[in-house]
Amino acid sequence: MEFTAKQIAEFVGGRIEGNPDAAVHTFSKIEEGHEGAISFLSNPKYTHYLYETSSSVVLVNDDVVLEHPVKATLIRVPSAYESVAKLLQLYESMKPKKTGVDPMAVISATAKIGEGCYVGPLAYIGEGVEIGQGCQIYPNAYIGDGVKVGDNCIIYPHACIYHGCKIGHRVTLHSGCVIGADGFGFAPNADGYDKIPQIGIVTIEDDVEIGANTCVDRSTMGSTYVRRGVKLDNLVQIAHNTDIGQNTVMSAQVGVAGSTKVGQWCMFGGQVGVAGHITIGDKVMLGAQSGANASIKSNQTLIGTPPQPPTAFFRQTALMRRLSDMQNELRSLQKELNELKK
């Protein structure tokens, strides 16, 4: 479909500079822009592309100051990043959705499938499963016995939901993610380890998105919780009996150990590690590769191991780089002091 700059500006609440009738039919990165495409500029590092791009329309922040003429029609908005997200959501919602059950799908006679669902070939739906309306279950997805899935969920190929788990509305599970595998529970004995049965479940609330090859383990008893609005990147590990608060986001390779409670609106960078049996407050921001081994109070931005304010962390990092020189200076001073003593 094709839209004009005027129509787009009305949708995102923006202000046009240039030709309001400039038409676009696709998206493009600003550095790869071409005629008929819309791009956006939110990172100042890419500002120079604004004067070179061949995109027909570019979304820019209100505070962008032009230093040279531009060929593209600009749409000024408070946040170009948020506006392009809205446009991409609109674009995605306009794609036609598949419906119907493929004859090669394996569905238990006791399962209930809501209206308007798609179930692809070789998808497996076990006994007593309940699937809401408008769900998209792609080929080779696995939904174990007794699982409950809400409305308008997307379960991509090879995603796996173990028995008894509960999935809310508008949840997206990407390929290879595993919901409800056993928590890592073993008791040492004289000959090795006794497995502790994991008899709980996982509860995924509404509007959650879980990335490819991410694992959320079932609880020993009760439930592991991923609360409403949580977004987990690829390759994240959520251990048994954890509780991840609403609207928290975690980047790739984050690991949260068992029985830990994470608050609302937290942001964890890549490879953050969180120890078990601790509590992380609300709105805690942990920089990449931070290691939290004790509870953290709310409303803090921290980095490092143990986590500390960024200024202190960067100061210590700078000193670490000078340790070799400082050691040489200390040895020289010690040598001079010894000579003076003689």
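Our structure is the block above this text.
Calculation criteria
- Residues numbered from 1 in each chain as written.
- Predicted model: local features only at pLDDT ≥ 70, side-chain atom pairs only at ≥ 80, totals over all residues.
- Heavy atoms only, no water.
- Helix = DSSP H or I, 4+ residues; strand = E, 2+ residues; numbered from the N terminus.
- Buried < 20%, exposed > 50% of the residue type's maximum accessible area, 1.4 Å probe, protein only.
- Contact = heavy atoms within 4.5 Å.
- Pairing = 2+ DSSP bridges.
- Axes fitted to C-alpha atoms, helices over the stretch in contact; angles between N-to-C directions.
- Parallel < 35°, antiparallel > 145°, perpendicular 65-115°, else oblique.
- Nonpolar A, V, L, I, M, F, W, Y, C, P; charged D, E, K, R; others polar.
- Salt bridge = Lys/Arg side-chain N within 4 Å of Asp/Glu carboxyl O.
- Expected span 1.5 Å × (residues − 1).
- Arc of directions from axis to C-beta.

Draft legend 1. Inspection of the environment of glycine 164 at higher detail. Among the structural elements, glycine 164 can be located in the loop between β18 (160-161) and β19 (166-167). Classification of glycine 164 by relative accessible area gives partly exposed; the value is 24%. Each C-alpha atom, one on glycine 164 and one on glycine 200, is 8.4 Å from the other, the two residues being 36 residues apart in sequence. Residues contacting glycine 164, with those up to four places away along its chain left out, are Asp145, Gly146, Val147 and Ile201.

Draft legend 2. Up close: the pairing of strand β27 (residues 223-226). Bridge count for strand β24 (residues 201-204) against β27 is four bridges, and the pairing is parallel. Counterpart to valine 202 in the pairing with β27 is threonine 224. Sheet analysis places β27 next to strand β30 (residues 243-244), joined by two bridges and oriented parallel. Bridging from a neighbouring strand, tyrosine 225 pairs with aspartate 243 of β30.

Draft legend 3. Representation of the packing of helix α1 (residues 5-12) against helix α2 (residues 80-93) in the model. Relative to each other, α1 and α2 sit at 105 degrees, their axes nearing to 10 Å. With respect to α2, the element α1 is oriented roughly perpendicular. From α1, Ile8, Phe11 and Val12 reach across to α2, where they touch Ser83, Lys86, Leu87 and Leu90. Across the contact of α1 with α2, the residue classes break down as five nonpolar, one polar and one charged.

Draft legend 4. Summary view of the pattern of salt bridges. On inspection of all chains with the given rule, the structure shows nine salt bridges. Glutamate 17 is the partner of arginine 15 in a salt bridge, and the nearest nitrogen-oxygen pair spans 3.5 Å. Residues aspartate 182 and lysine 195 are paired through a salt bridge, measuring 3.0 Å at the closest nitrogen-oxygen approach. In this pair, aspartate 182 sits in the loop between β21 (178-181) and β22 (186-189) while lysine 195 sits in strand β23 (residues 192-195), placing the two residues 13 residues apart along the sequence. Given the relative accessible area of 34%, aspartate 182 is considered partly exposed. Lysine 195 gets classed as partly exposed once you look at its relative accessible area, which sits at 44%. Salt bridges linked by common partners bring Glu205, Arg227, Asp243 and Lys261 together as one network.

Draft legend 5. Broad picture of α2. Taking 1.5 Å of rise per residue, 14 residues should cover 20 Å, and α2 covers 20 Å from first to last C-alpha, within 8% of that figure. All of the buried residues in α2 are Ala80, Ser83, Val84 and Leu87. The buried side chains of α2 occupy one side of the element, clustering within an arc of 95 degrees when seen end-on. Opposite the buried face of α2, by more than 90 degrees, sit the exposed residues Tyr81, Glu82, Gln89 and Ser93. Structurally, α2 contributes buried residues whose contacts are with α1, β4 (26-27), β5 (37-41), β6 (57-61) and β7 (73-77).

Draft legend 6. Highlighting unusual backbone geometry. In this structure, proline 306 follows threonine 305 across a cis peptide bond, with omega equal to -5 degrees. Relative to the elements of secondary structure, proline 306 occurs in the loop between β39 (300-302) and α3 (310-321). A positive phi angle, near 60 degrees, is found at asparagine 213, a position not held by glycine. Looking at the secondary structure, you find asparagine 213 in the loop between β25 (209-210) and β26 (215-217). The backbone of histidine 277 shows a phi angle near 60 degrees, a positive value even though the residue is not glycine. On the secondary structure map, histidine 277 appears in the loop between β35 (273-274) and β36 (279-280).

In short, shape yes, function no, at least from these values alone.
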